[in-house]
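Fold and contact review
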Amino acid sequence: TDVIRLEAVTKQYDETGPAALSGVGLAVGAHEAVAVMGPSGSGKSTLLNLIAGLDRASSGDVTVAGVRLNGLSETALARFRRQHIGMVFQFFNLLDDLTVLDNVLMPARLGGMSLRTARTRSAELLDYLGIGRHADAYPARLSGGERQRVAIARALMNRPPLLLADEPTGAVDSATGRHITDLLAELNRDGQALLLVTHDERLAQECTGRIVRIVDGRIVGEEATTGRAAAA
Ligand code: ADP
Ligand code: ADP
């Protein structure tokens, strides 16, 4: 089964302008990792936003984790995101006035998880990601790499079938970027489906099995990565 299935998806932000996406078809398997690469302005963020249910396609079908997103209400889309999507961003998007633990807990609490279960799971995730000792710190005290780990822990709290990442190594130095790459690769080996938007060729090669190339809102090609082929 596929965790993402797009058919003939078009996105037009305004009626007169050019389409941000045109006739995009894409299928991503339940445990697959796929990178989306392309020049700035080619439609990568638009694609991610449609898959996350943060924005709506102008036409075509978007089905994610078995949920057809076309026509869902805002409330239903919000519930879909909580249950099925984890998101990681270039600039982490952490809340500076909450501790690391509370940043990680919050989405699960909003989703109705009990405080006790949420505390246990977030502590486990922080340990797994190697930042357990920072649970009571505030994000401002952490390095970029540590902050991105907190963001990844938060994204994984609800055990989403799909993790979406938008330039997750875009704002950290290259050594830190390698750690994040290793971490995402490990998550995928454990079965986590990933869709990564990135300019980072190494990230794409090492933690995904397939690169989809997009130019001017159209998928222009795709290829298997060499990293995976070598590892397999
Ligand atoms: P990328 O992520 O590859 O840089 P985007 O998806 O951000 O590309 O943008 C694709 C195209 O859609 C660009 O021409 C961009 O200017 C346009 N676009 C993106 N977001 C909006 C928006 N909210 N309103 C109008 N146009 C937008
Ligand atoms: P997109 O491909 O979606 O347009 P980019 O990653 O190219 O997004 O970046 C969007 C904007 O943020 C660009 O103006 C870019 O120069 C800027 N930007 C990208 N990475 C960084 C960074 N590490 N620090 C500061 N600005 C950045």
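Scope of this entry: the structure provided in the associated data block. (Residues numbered from 1 in each chain as written. Chains lettered and ligands numbered in written order. Predicted model: local features only at pLDDT ≥ 70, side-chain atom pairs only at ≥ 80, totals over all residues. Heavy atoms only, no water.)

On to the environment of Val104. With respect to the element layout, Val104 can be found in helix α3 (residues 100-110). Since its relative accessible area comes to 0%, Val104 is described here as buried. Distance from Val104 to Lys44, taken between C-alpha atoms, is 26 Å for residues 60 residues apart in sequence. Beyond its immediate stretch of four places on either side in the chain, Val104 contacts Ser122, Leu126, Val150, Ala153, Arg154 and Met157. (Helix = DSSP H or I, 4+ residues; strand = E, 2+ residues; numbered from the N terminus. Buried < 20%, exposed > 50% of the residue type's maximum accessible area, 1.4 Å probe, protein only. Contact = heavy atoms within 4.5 Å.)

Alignment of strand β1 (residues 2-11) against strand β4 (residues 59-64), held across five bridges, turns out to be antiparallel. Looking at the pairing, Glu7 lines up with Asp61 of β4. Direction of pairing for β4 relative to strand β5 (residues 67-68): antiparallel, over a ladder of two bridges. Each bridged residue has a counterpart across the sheet, and for Thr63 the counterpart in β5 is Arg68. Linking β4 back to β5 in an antiparallel pair, the connection comprises two residues, with Ala65 at a positive phi of about 50°. (Pairing = 2+ DSSP bridges.)

Moving on to helix α1 (residues 44-51). In terms of residue burial, α1 counts as a mostly covered element, since six of its eight residues are buried. Taken as a whole, α1 has its buried residues at Lys44, Thr46, Leu47, Leu48, Leu50 and Ile51. Where α1 ends, the next residue or the one after it, Gly53, has phi of about 75°, a positive value.

To continue, consider the sheet that holds strand β10 (residues 218-224). The strand order across the open sheet built from six strands is β6-β7-β8-β3-β9-β10, with neighbouring strands paired in mixed fashion. Since the sheet does not close on itself, it has two edges, and those belong to β6 (85-88) and β10, each with one partner. Neighbouring strand axes in the sheet, compared pairwise and without regard to direction, differ in orientation by 20° on average. With five bridges joining them, strand β7 (residues 162-166) and strand β8 (residues 193-197) adopt parallel strand pairing. Residue pairing for β8: Leu162 is matched across the bridge by Ala193. Its contacts with the sheet put helix α2 (residues 74-84) on β6 and β7, and the angle it makes with β6 is roughly 80°. Along the sheet, helix α6 (residues 174-189) contacts β3 (33-37), β7 and β8; its crossing angle with β8, the most-contacted strand, is approximately 150°. (Axes fitted to C-alpha atoms, helices over the stretch in contact; angles between N-to-C directions.)

Looking at the secondary structure, you find Thr99 in the loop between β6 and α3. Separated by 35 residues in sequence, Thr99 and His134 have C-alpha atoms that sit 8.7 Å apart. Not counting the four nearest positions on each side in its chain, Thr99 is found in contact with Ala135, Asp136, Ala137 and Tyr138. Within the structure, Thr99 has its side chain in polar contact with the backbone nitrogen of Asp102 (distance 3.1 Å). (Polar contact = N/O pair within 3.5 Å; in protein donor to acceptor, adjacent residues only side chain to side chain.)

Taken in spatial order, the four strands make up an open sheet running β2-β1-β4-β5, and their pairing is antiparallel. Both edges of this open sheet fall to β2 (21-29) and β5, since each of them pairs with a single strand only. Of the strands in this sheet, β1, β2 and β4 touch α1, which is tilted by about 120° from β1.

Purely geometric numbers; function is a separate question.
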